[in-house]
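# Close look at the chain arrangement
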Amino acid sequence: MSEVENPYTYEIIRSGRRSLALEITDDMRIVIRAPWHVSRETVEQFVHKHRRWLDTHWDLQQRRQAFQARIDAQEEILRRRAQEELPLLVRHYQTQMGLEPAGIRITGAAKRFGSCSNVNRLCFSWRLMAYPQAAIEYVVVHELSHIVHKNHSPAFYALVASVLPDYRQRAQLLRL
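Heads up: these notes are all about the structure in this document. (Residues numbered from 1 in each chain as written. Predicted model: local features only at pLDDT ≥ 70, side-chain atom pairs only at ≥ 80, totals over all residues. Heavy atoms only, no water.)

The next point concerns the sheet that holds strand β4 (residues 103–107). Strand order in this open sheet of three strands is β4-β6-β5, and the pairing throughout is mixed. Among the strands making up the open sheet, the edge pair consists of β4 and β5 (114–116). When the angles between neighbouring strand axes are averaged without regard to direction, this sheet yields 15°. Sheet analysis places β5 next to strand β6 (residues 121–125), joined by three bridges and oriented antiparallel. When the bridges of β6 are listed, S115 appears paired with C123. Helix-sheet contacts for helix α3 (residues 75–97) involve β4 and β6, and the interaxial angle to β4 is about 150°. Sitting on the sheet, helix α4 (residues 133–145) touches β5 and β6, and the angle it makes with β6 is about 155°. (Pairing = 2+ DSSP bridges. Helix = DSSP H or I, 4+ residues; strand = E, 2+ residues; numbered from the N terminus. Axes fitted to C-alpha atoms, helices over the stretch in contact; angles between N-to-C directions. Contact = heavy atoms within 4.5 Å.)

In this structure the tally under the stated criterion is zero disulfides. Unpaired in this structure, C123 has its nearest cysteine sulfur neighbour in C116, at a distance of 8.9 Å. Owing to a relative accessible area of 14%, C123 belongs among the buried residues under this scheme. (Disulfide = S-S within 2.5 Å. Buried < 20%, exposed > 50% of the residue type's maximum accessible area, 1.4 Å probe, protein only.)

So, in structure tokens, the structure goes:
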């Protein structure tokens, strides 16, 4: 069988896994995870078969990186906004929900917008401030809801929905 044309350079990581997997890393490397017994030709065919997925997600990853670069360039402004605005938003929604967080911290987390510790301390990334107000409010309500439910159960989402009935649309604003 002839070799399939492939414009992408990729790395193959072999292991005891059972199936092939395709990934585009944060640093724009394409990684194929493959079982030990799979031939190079089979890997090449797999990459070719998933070309459309690769094209789409390669472009998406490039857009994410460009967006992140713009956010990073505004760090000082976004940090200041987070320190000023997030405590006020938390106070507003904690009153509405009848909840009391143990504290609020602003972090530089790059992979998550917010978190709630097991002692109910809320953390928010300053990067959240680059998103629309509706998305920011959703993250605040989401993290406050973790004071009651430490999971993402139906009861958790029912609590979120009781405060923000449109929470699904708000959450979509966080996706790039």
